[in-house]
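Below are the chains, spelled out letter by letter.
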Amino acid sequence: MRDSDYRYQRLFKGPKSSMGIIDYFMTLDVEFKATYQLAQNLLVALQHKNISAYQTLILGENKLISPQMKRSLRTLKKYLPEIRLQKFR
């Protein structure tokens, strides 16, 4: 589903795009917003093969993110040397 595709959503009692739904949930929960934004920033850094941005995101202070994302970041930190060698060629 693209951002501009609107579908009827029972929760909203009307049409809503996928980005509209995400935007709504980001207004409700700070942890969700921080986690979602970090995940999206990591994805962009990987897609652009930007190792410095990737490292900054993984090693940065992330107090507001979910416990699951914190666990994922610990794993990414552990394997950062191998990731750097394989992904950022």
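Below is a short write-up of the structure. Keep in mind the model is a prediction, meaning the values are calculated, not measured.

### Notes on the pairing of strand 2 (residues 14-17)
And then number 1: Here four bridges tie strand 1 (residues 6-9) to strand 2, and the two strands are oriented antiparallel to one another. Across the sheet, residue Tyr6 finds its bridge partner in strand 2, namely Ser17.
And then number 2: Counting the residues between successive antiparallel strands, the hairpin from strand 1 to strand 2 contains four residues, one of them, Lys13, with a positive phi of roughly 55°.

### Details of a positive patch on the surface
And then number 1: A grouping of Lys70, Arg71, Arg74 and Lys77 is seen on the molecular surface, where their side chains present a positively charged patch.
And then number 2: Among the structural elements, Lys70 can be located in helix 4 (residues 67-78).
And then number 3: Judged by its relative accessible area of 33%, Lys70 is partly exposed.

### Focus on unusual backbone geometry
And then number 1: Phi is positive for Lys49, which is not a glycine, with a value near 50°.
And then number 2: Within the element layout of this structure, Lys49 appears in the loop between helix 2 (30-47) and helix 3 (51-59).

### Describing the packing of helix 2 against helix 3
Packed helix pairs are specified by the crossing angle of their axes together with the interaxial distance, meaning the distance between the axes.
And then number 1: Contact pair helix 2 / helix 3: the axes reach a minimum separation of 8 Å and the direction vectors enclose 155°. Here helix 2 lies roughly antiparallel to helix 3, going by the angle between them. Handedness of the helix 2/helix 3 crossing: left-handed. Note on element contacts: helix 3 touches helix 2 through Ala53, Tyr54, Leu57 and Ile58, opposite Leu38, Asn41, Leu42, Ala45 and Leu46.
And then number 2: Considering only residue class, the contact of helix 2 with helix 3 consists of eight nonpolar, one polar and no charged.

Definitions and cut-offs
Residues numbered from 1 in each chain as written. Predicted model: local features only at pLDDT ≥ 70, side-chain atom pairs only at ≥ 80, totals over all residues. Heavy atoms only, no water. Pairing = 2+ DSSP bridges. Helix = DSSP H or I, 4+ residues; strand = E, 2+ residues; numbered from the N terminus. Patch = residues over 30% accessible without salt bridge, like charges linked within 9 Å, V, L, I, M, F, W, Y side chains within 5 Å. Areas by Shrake-Rupley, 256 points an atom, 1.4 Å probe, with all protein chains shown as cover. Salt bridge = Lys/Arg side-chain N within 4 Å of Asp/Glu carboxyl O. Lys, Arg positive; Asp, Glu negative; His and termini not counted. Charge placed at Lys NZ, Arg CZ, Asp CG, Glu CD. Buried < 20%, exposed > 50% of the residue type's maximum accessible area, 1.4 Å probe, protein only. Axes fitted to C-alpha atoms, helices over the stretch in contact; angles between N-to-C directions. Parallel < 35°, antiparallel > 145°, perpendicular 65-115°, else oblique. Left-handed = near helix turned anticlockwise from the far one by under 90°. Contact = heavy atoms within 4.5 Å. Nonpolar A, V, L, I, M, F, W, Y, C, P; charged D, E, K, R; others polar.

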